[in-house]
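# Chains, contacts and geometry: an overview
Here's the letter readout for the chains.
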Amino acid sequence: MKTLVTVTHPRQNSLTHAVMNRFVEGLKQNNHEVDLLDLHHDGFNPVYTVEDEEDWINPNKNYSPVVRKEMDRILAADTLVFVFPLWQYNVPAMLKGYLDKVWNMGLFGKFEEKKVLWICLAGGDQEHMTKYKRDETLSHYLNILLAGYARLKESRVELLCDTLSESKEHIESLLERAYQLGREYN
Ligand SMILES: Cc1cc2nc3c(=O)[nH]c(=O)nc-3n(C[C@H](O)[C@H](O)[C@H](O)COP(=O)(O)O)c2cc1C
């Protein structure tokens, strides 16, 4: 199985990157072929330009070479995984820009055999995330509004909470969870 893993964080020594690395380790143990896209490190430009917006509704439009390349990486993958921190109870702007540009009309109808997993790191603990249905709201947005609208076959959210904890055991448990997710992901 080929998995496109997209990580979003400006800092290479972030917990987000550590989680992504452990997840990828698990995936490789699980015989996945991994294609890694690191949006910040790889210099992805998330700004939606006139060129991106023009004729956006036409699935046969001429996409820019960068967008075309990223669309092709999605088409070559069986499954998509996003690893990112929760910022303002949403995906970081960098990832939102990627989705605006790359999850476009040219891919609609071509997503249907693909699955997506959203691995989201939240500073808030489990109680904080449950209060006001913050966790459910986020899952609804990612699974139904984004992946459902794009008609992906399956979408699921894995929330790793309390990432600012000073407990080494807790942080290690999040990394172990990421590794097991990779080991079991099919
Ligand atoms: C700009 C910004 C916005 C944030 N917004 C939220 C938020 O809405 N909810 C939350 O629980 N944590 C929030 N946090 C905390 C991050 O989720 C936390 O820093 C991250 O999960 C820790 O992983 P990292 O070390 O890889 O950044 C925010 C952090 C930043 C920098």
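How each quantity is defined
- Residues numbered from 1 in each chain as written.
- Predicted model: local features only at pLDDT ≥ 70, side-chain atom pairs only at ≥ 80, totals over all residues.
- Heavy atoms only, no water.
- Phe/Tyr/Trp six-rings, centres within 6.5 Å; stacked < 30°, edge-to-face > 60°.
- Buried < 20%, exposed > 50% of the residue type's maximum accessible area, 1.4 Å probe, protein only.
- Lys NZ or Arg CZ within 6 Å of the ring centre and 35° of its normal.
- Axes fitted to C-alpha atoms, helices over the stretch in contact; angles between N-to-C directions.
- Helix = DSSP H or I, 4+ residues; strand = E, 2+ residues; numbered from the N terminus.
- Parallel < 35°, antiparallel > 145°, perpendicular 65-115°, else oblique.
- Contact = heavy atoms within 4.5 Å.
- Nonpolar A, V, L, I, M, F, W, Y, C, P; charged D, E, K, R; others polar.

### Details of the packing of aromatic side chains
In total, this model carries nine aromatic pairs according to the counting rule given. Considering the side-chain rings of Trp-103 and Phe-111, the 5.0 Å spacing of their centres and the 55° angle between planes classify their relative orientation as tilted. Here Phe-111 falls in the buried class, since its relative accessible area comes to 0%. An aromatic cluster of three or more residues is present, and its members are Phe-44, Phe-82, Phe-84, Tyr-98, Trp-103, Phe-111 and Trp-118. The ring centre of Phe-44 lies 5.5 Å from the NZ or CZ of Lys-101, which sits over that ring.

### Remarks on the packing of helix H3 (residues 65-76) against helix H4 (residues 93-102)
Their axes nearest at 10 Å, the elements H3 and H4 cross at an angle of 90°. With respect to their mutual orientation, H3 and H4 come out roughly perpendicular. Here Val-67, Glu-70, Met-71 and Ile-74 of H3 lie close against H4, whose contacting residues are Tyr-98, Lys-101 and Val-102. Taken together, the residues that form the contact of H3 with H4 break down as five nonpolar, no polar and two charged.

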